[in-house]
Amino acid sequence: MSAVAGEGGARRGFSIGPFTPLFACLGLLVVWQIGAMLLATDSIPTALEALRAVPDVLGSRDGLVNILDSIRRMAIGLSAAVVVSIPLGLVMGRLRAVAAFFNPILMVIYPVPKAALMPIIMLWLGVGDLSKTLVIFLAVTLPIIYHAFEGAKAVEEKMIWSGMAMGMSRVEILARIVLPAALPEILAGCRTGLVLALITMVTSEMIARKSGTGNILFNALDMGQYDTVFAMIIVIGALGIVLDAAFDRLRRLLVAWAETRQDIPLSFT
Amino acid sequence: MRATFPRDFTLGIIPILLIGALWQAIVAYGYAPPSLLPPPGQVFTRLAQQLVGLDYLAQAAATLLRLFVGFAIAVVLGIGIGLMAAVHRGVDAVVRPLVRVLAPVPKVALYPALLLLLGFDHASKIALVAADALFPILLSTYYGASTIEKKLVWSALAAGTPPRQVLYKVVLPAALPSILTGCRIGLVISCIVVFLAEMISSTDGLGYLLVRAARSFQTVDMFVPLISISLLGLVLNALFYCARRVLLRGFPEV
């Protein structure tokens with residue numbers, strides 16, 4: 001425990017090597033393999049068996065169509081949320097009255113389980129793409145609004161004054177000063193949104209089983225195709241890890257000038 | 001600050017009232033049949049009736065049990081692992097890559113696996129709640145504990161505190177604001193997740209009530225559990241906020 005004194009003194013960087021996550025994945029698979037071999041029940045396949053079933057899921061036309069359906073809904077819902085939330089958040093951050101107007105209603109909406117709206121929205125819009133995309137949109141808007149709001153609030157006043165002194169209009173100030181200055185915070189919100197979109201995508205499909213990843217997952221569970229269940233879990237998990245890593249790469253490119261505080265998104269609010 | 005409070009409050013109440021009015025208007029002018037959108041009065045009357053009924057409370061109790069057990073597991077594991085990783089390099093080297101990989105995985109996708117492992121009873125739902133609430137708590141503990149003022153640790157050591165005790169005498173209290181923020185996020189997540197887990201596969205609990213109502217197209221009964229769980233989230237969030245203020249008395253404003 002002397003580590004408290006020794007290493008606590010030198011603050012370590014928050015960056016992480018590219019290979020360690022890979023090792024972590026391997027480690028998890030090894031633990032799974034050993035655990036499944038020890039349990040030796042039919043319903044829990046070993047990691048190798050599940051991995052062997054992955055090409056079957058991805059290779060079949062049906063599986064691929066379902067997965068692409070899911071990804072399309074997620075992309076549309078997420079993009080729509082980004083387009084609506086960022087301007088709203090930025091305006092809220094700069095204008096007190098707008099913030100006062102929206103904050104309480106957002107606070108009330110915050111603890112509503114968005115994917116649980118699925119059965120009600122299905123009554124209105126049907127089981128199709130529209131209701132699932134809408135649910136994803138609803139789930140993702142709040143964190144992005146919140147982060148854009150916090151980012152815009154924290155912009156240095158002197159920069160705004162300089163812009164005003166140079167004769168910029170209010171819209172120009174918002175687009176050319178507030179937006180870039182708040183970008184690191186906005187992108188942090190988008191990253192949370194991405195993870196949340198994926199969660200909502202899977203959940204909505206589990207509740208309204210018509211197509212998509214959650215559909216395959218639970219149909220396979222009902223039919224006792226346990227290899228497929230676990231293969232699908234691997235596919236969804238890999239999707240989450242890859243999307244998150246890709247977005248993080250993009251974020252580092254866009255806001256290389258800002259110091260990164262955390263390498264993992266903290267808030268899932 | 002105080003002078004603007006009534007104005008802000010009035011502004012803030014407007015959208016909430018607007019939504020209520022819109023809801024009432026849609027029903028009253030017949031744009032939506034009551035079978036698709038029941039009038040708000042009817043929904044809240046049913047909510048009030050249910051909240052005093054024993055049957056409904058029993059279902060809510062099942063939900064609460066899963067919620068709190070799952071959340072408690074997440075708090076213990078999250079704070080424990082987070083603190084260890086922040087002060088011990090060996091633990092850190094193992095935990096960080098694992099968290100990096102597991103945090104962006106949608107935990108709900110693990111639910112079928114949990115069902116197969118732990119059965120369809122409480123255990124699988126509790127495990128899902130714990131898995132989802134764990135990461136915000138773990139991460140905020142980790143960041144809180146690794147960014148504390150090093151002088152605090154040095155002073156404690158210089159004053160003769162055994163290194164073993166520094167962890168809970170200095171590091172833990174210093175990281176408390178961050179830890180409690182993580183716990184609050186985790187608590188609301190727990191609320192949401194327990195409800196979803198009950199919707200996907202359950203025979204009791206508030207989430208099950210929603211699914212049961214949906215199967216028989218009882219629209220009013222679909223709204224009631226949804227509003228209950230949202231209110232529960234709001235109340236727990238507010239309670240936790242108060243608890244946080246009491247616990248953090250004397251801390252600089254955070």
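For the structure itself, look to the data block above.
Residues numbered from 1 in each chain as written. Chains lettered and ligands numbered in written order. Predicted model: local features only at pLDDT ≥ 70, side-chain atom pairs only at ≥ 80, totals over all residues.

Q: When you look at the overall build of chain B in this model, what are you seeing that I'm missing?
A: For chain B, the count of helices and strands is 11 helices and 0 strands. The linear arrangement of helices and strands in chain B, starting from the amino end, is α-α-α-α-α-α-α-α-α-α-α. Projected onto its principal axes, the C-alpha coordinates of chain B cover approximately 75 × 60 × 30 Å. A buried classification covers 43% of the 254 residues belonging to chain B. Of the contacts formed within chain B by residues at least 6 apart in sequence, a portion of 71% connects residues at least 24 apart. (Helix = DSSP H or I, 4+ residues; strand = E, 2+ residues; numbered from the N terminus. Buried ≥ 20, exposed ≤ 12 C-beta atoms within 10 Å, placed from the backbone. Contact = placed C-beta atoms within 7 Å.)

Q: Just to check I follow, could you spell out the overall build of chain A for this structure?
A: A tally of regular secondary structure across chain A gives 11 helices and 0 strands. Scanning chain A from its N terminus toward the C terminus, one meets helices and strands in the order α-α-α-α-α-α-α-α-α-α-α. In chain A, which comprises 269 residues, the proportion classed as buried is 41%.

Q: Could you clarify how one ought to interpret the environment of Val155(A) in this entry?
A: All names here are of chain A. Residue placement: Val 155 occurs in the loop between helix H7 (129–153) and helix H8 (157–165). Residue Val 155 is classed as buried on the basis of its C-beta count, with 20 C-beta atoms lying within 10 Å. Sequence separation between Val 155 and Val 135 is 20 residues, and the spatial gap between their C-alpha atoms is 32 Å. Once residues lying within four places of it in the same chain are set aside, the contact partners of Val 155 are Ile 160, Ile 177, Val 178, Ala 181 and Ala 182.

Q: Looking at this structure, I do not really get the environment of Ile137(B). What am I missing?
A: Residues and elements named next belong to chain B. Looking at where Ile 137 falls in the secondary structure, it is placed in helix H6 (residues 122–146). Here the alpha-carbon distance between Ile 137 and Ile 79, two residues 58 residues apart in the chain, equals 6.7 Å. What Ile 137 contacts, discounting residues up to four positions off in sequence, is Ala 74, Val 75, Gly 78, Ile 79, Gly 182, Cys 183 and Gly 186.

Q: What is the right way to look at the interface of chain A and chain B in this model?
A: Size of an interface: often given as the accessible area lost when the parts come together. Between chain A and chain B, the residue contacts involve 58 residues of the former and 58 residues of the latter. Put simply, the parts of the chain that give the side of chain A that touches chain B at least two residues each are helix H1 (3–9), helix H2 (20–39), helix H5 (96–109), helix H6 (118–125), helix H9 (170–207), helix H10 (213–222) and helix H11 (226–254) of chain A. For the side of chain A that touches chain B, the element with the most residues is H11(A), which contributes 9 residues. Here the side of chain A that touches chain B is composed, by residue class, of 44 nonpolar, 12 polar and 2 charged. (Nonpolar A, V, L, I, M, F, W, Y, C, P; charged D, E, K, R; others polar.)

Q: Help me understand the packing of helix H4 (residues 61–94) of chain A against H9(A) in this model?
A: Between two packed helices, the angle of one axis relative to the other and the distance separating the axes together describe the packing. Residue and element names in this part refer to chain A. Interhelical geometry of H4 versus H9 gives an angle of 145° and a closest axis separation of 8 Å. Like other packed secondary-structure pairs, H4 and H9 cross with a definite hand, here right-handed. Packed against H4, whose contacting residues are Ser 70, Arg 73, Met 74, Gly 77, Leu 78, Ala 81, Val 82, Ile 86, Leu 90 and Arg 94, the element H9 presents Leu 174, Val 178, Leu 179, Ala 182, Ile 186, Cys 190, Gly 193, Leu 194, Ala 197, Leu 198, Met 201 and Glu 205 at the interface. Looking at the contact of H4 with H9 residue by residue, the class counts come to 16 nonpolar, 3 polar and 3 charged. (Axes fitted to C-alpha atoms, helices over the stretch in contact; angles between N-to-C directions. Left-handed = near helix turned anticlockwise from the far one by under 90°.)

Q: Just to check I follow, could you spell out the packing of helix H3 (residues 54–87) of chain B against H6(B) for this structure?
A: In the contact formed by H3(B) and H6(B), the axes pass within 6 Å of each other and the chain directions differ by 35°. The handedness of the crossing between H3(B) and H6(B) comes out as right-handed.

Q: It is not clear to me how the nonpolar core should be interpreted in this structure. Could you clarify?
A: Considering soluble globular proteins, one finds that nonpolar side chains tend to be buried as a cluster. Ala197(A), Met232(A), Cys191(B) and Leu196(B) are the most contacted members of the largest nonpolar core, which totals 136 residues. Cys191(B) has contacts with Pro111(A), Leu67(B), Ile229(B), Leu232(B), Gly233(B) and Leu236(B), leaving out every residue within four places of it along the chain. (Core = buried A, V, L, I, M, F, W, Y, C linked by C-beta atoms within 7 Å.)

Q: Explain helix H4 (residues 89–102) of chain B to me, please; I cannot follow it from the model alone.
A: Taking 1.5 Å as the rise per residue, H4(B) with 14 residues should run 20 Å; its terminal C-alpha atoms sit 20 Å apart, in good agreement. Within H4(B), the full set of buried residues consists of Arg96(B), Pro97(B), Val99(B), Val101(B) and Leu102(B). As for H4(B), its buried residues are in contact with H2 and H11 of chain A together with H3 and H6 of chain B. (Expected span 1.5 Å × (residues − 1).)

Q: Help me out: how do you make sense of unusual backbone geometry in this one?
A: Leaving glycine aside, a negative phi is the common case for residues, and trans is the common case for peptide bonds. We note that Ala40(A) has phi near 50°; this positive angle belongs to a residue other than glycine. The topology assignment puts Ala40(A) in the loop between H2 and helix H3 (47–59).

Q: Quick question: what am I supposed to make of H10(A) here?
A: Extensive coverage of H10(A) is indicated by the burial of 7 of its 10 residues. If you check which residues of H10(A) are buried, you get Thr213(A), Gly214(A), Ile216(A), Leu217(A), Phe218(A), Ala220(A) and Leu221(A). The secondary structure elements touched by the buried residues of H10(A) are H4, H9 and H11 of chain A together with helix H5 (111–118) of chain B. After H10(A) finishes, the residue Gly224(A) shows a positive phi value of roughly 75°.

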